[in-house]
Amino acid sequence: MRPPSIQLTSVADAFNEQGWAHEIIEGREVLTTAFEAHHTRVQLFAQVFTQLNSLTIVGETALEIDELRQPFLLELLHRANKQMNLGGLEYDLDRQRVVFRITNIFEREKFDKDIVSTMVHCSIAEVDRIIPFCTIVQQTAEDLLEDLSLERLLMRQDLLPPVPGDEDDDEISRI
């Protein structure tokens, strides 16, 4: 078994600096952990692509959705993606998971810790932000689905998690 790459080691160093416990998946350039966010538990994967000198961070959480509501959920995620500058939301139909994925290509083999940390925070925040909206789609009565305005739903501010730094107890915690 070969040792982790410089790139993966630099990601692990960034996690260690933040105090985030993690596990490197043996034989792969992947690190995994989980966080308790405001609305949901976020499983997180950091995968290094050494040939590209890039890092992909994937945050995901379980969300079961029936076939009737799937098109509404997919449209919701599409509309949310239109508002994003970095990364993107997906729904894994096979595993029934809401996924946020962000990738960065680095100049150097040793990845910048601040960029890695920002990518992690972004992944957690985006999954946590979208889950209340997804839950509304999931719980909307069948006879009201056609009346559900996804565009207006995404404008609701009351469903957003607190912004870190605005409250004392809003810190994202490692589980």
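First things first, this report covers the structure right here in the doc.

**Things to note about the pairing of strand 5 (residues 88–92)**
- Here five bridges tie strand 5 to strand 6 (residues 97–105), and the two strands are oriented antiparallel to one another. Across the sheet, the residue bridging to Asp92 is Arg97, located in strand 6.
- Hairpin remark: strand 5 followed by strand 6, antiparallel, with four residues in the connecting loop; positive phi at Gln96, about 50°.

**Some points on the pairing of strand 2 (residues 30–36)**
- Burial within strand 2 is extensive, with six of its seven residues counted as buried.
- In terms of strand pairing, strand 1 (residues 23–25) meets strand 2 through three bridges, oriented antiparallel. Along strand 2, the bridge assignment pairs Glu23 with Thr32.
- Here strand 1 hands over to strand 2 after four residues, with Gly27 in that stretch at a positive phi of 80°.
- Pairing of strand 2 with strand 3 (residues 41–49), which is carried by seven bridges, proceeds in the antiparallel orientation. Bridge assignment links Glu36 to a residue of strand 3, and that residue is Arg41.

**Section: the pattern of salt bridges**
- Inspection of the entire model under this criterion finds nine salt bridges.
- A salt bridge links Arg95 to Glu60, with the shortest nitrogen-to-oxygen separation between them at 2.7 Å. Here Arg95 is found in the loop between strand 5 and strand 6, whereas its partner Glu60 is found in strand 4 (residues 54–62), with 35 residues between them in sequence.
- Arg95 sits in the partly exposed class, given a relative accessible area of 44%.
- With a relative accessible area of 4%, Glu60 lands in the buried category.
- The salt bridge partner of Arg79 is Glu75, with a shortest N-O separation of 2.8 Å. Here Arg79 pairs with Glu75, and both are found in helix 2 (residues 70–82), just four residues apart, close to one helical turn.
- Each of the salt bridges in this network shares a partner with another, and the network as a whole consists of Glu60, Asp92, Arg95 and Arg97.

**Some points on helix 1 (residues 6–18)**
- With 13 residues, helix 1 should reach 18 Å at 1.5 Å per residue; the first-to-last C-alpha distance of 19 Å fits that figure.
- All buried positions along helix 1 are accounted for by Gln7, Leu8, Ser10, Val11, Ala12, Ala14 and Phe15.
- Where helix 1 is buried, its residues meet strand 1, strand 2, strand 3, strand 4 and helix 3 (113–139).
- Positive backbone phi, approximately 80°, marks Gly19, located one or two places after helix 1.

**Some details on the state of the cysteines**
- Overall, the coordinates contain zero disulfides when judged by the stated rule.
- Counting only cysteine sulfurs, Cys134 is the nearest neighbor of Cys122, a cysteine outside any disulfide, at a range of 16 Å.

Cut-offs used in this document
- Residues numbered from 1 in each chain as written.
- Predicted model: local features only at pLDDT ≥ 70, side-chain atom pairs only at ≥ 80, totals over all residues.
- Heavy atoms only, no water.
- Pairing = 2+ DSSP bridges.
- Helix = DSSP H or I, 4+ residues; strand = E, 2+ residues; numbered from the N terminus.
- Buried < 20%, exposed > 50% of the residue type's maximum accessible area, 1.4 Å probe, protein only.
- Salt bridge = Lys/Arg side-chain N within 4 Å of Asp/Glu carboxyl O.
- Expected span 1.5 Å × (residues − 1).
- Contact = heavy atoms within 4.5 Å.
- Disulfide = S-S within 2.5 Å.

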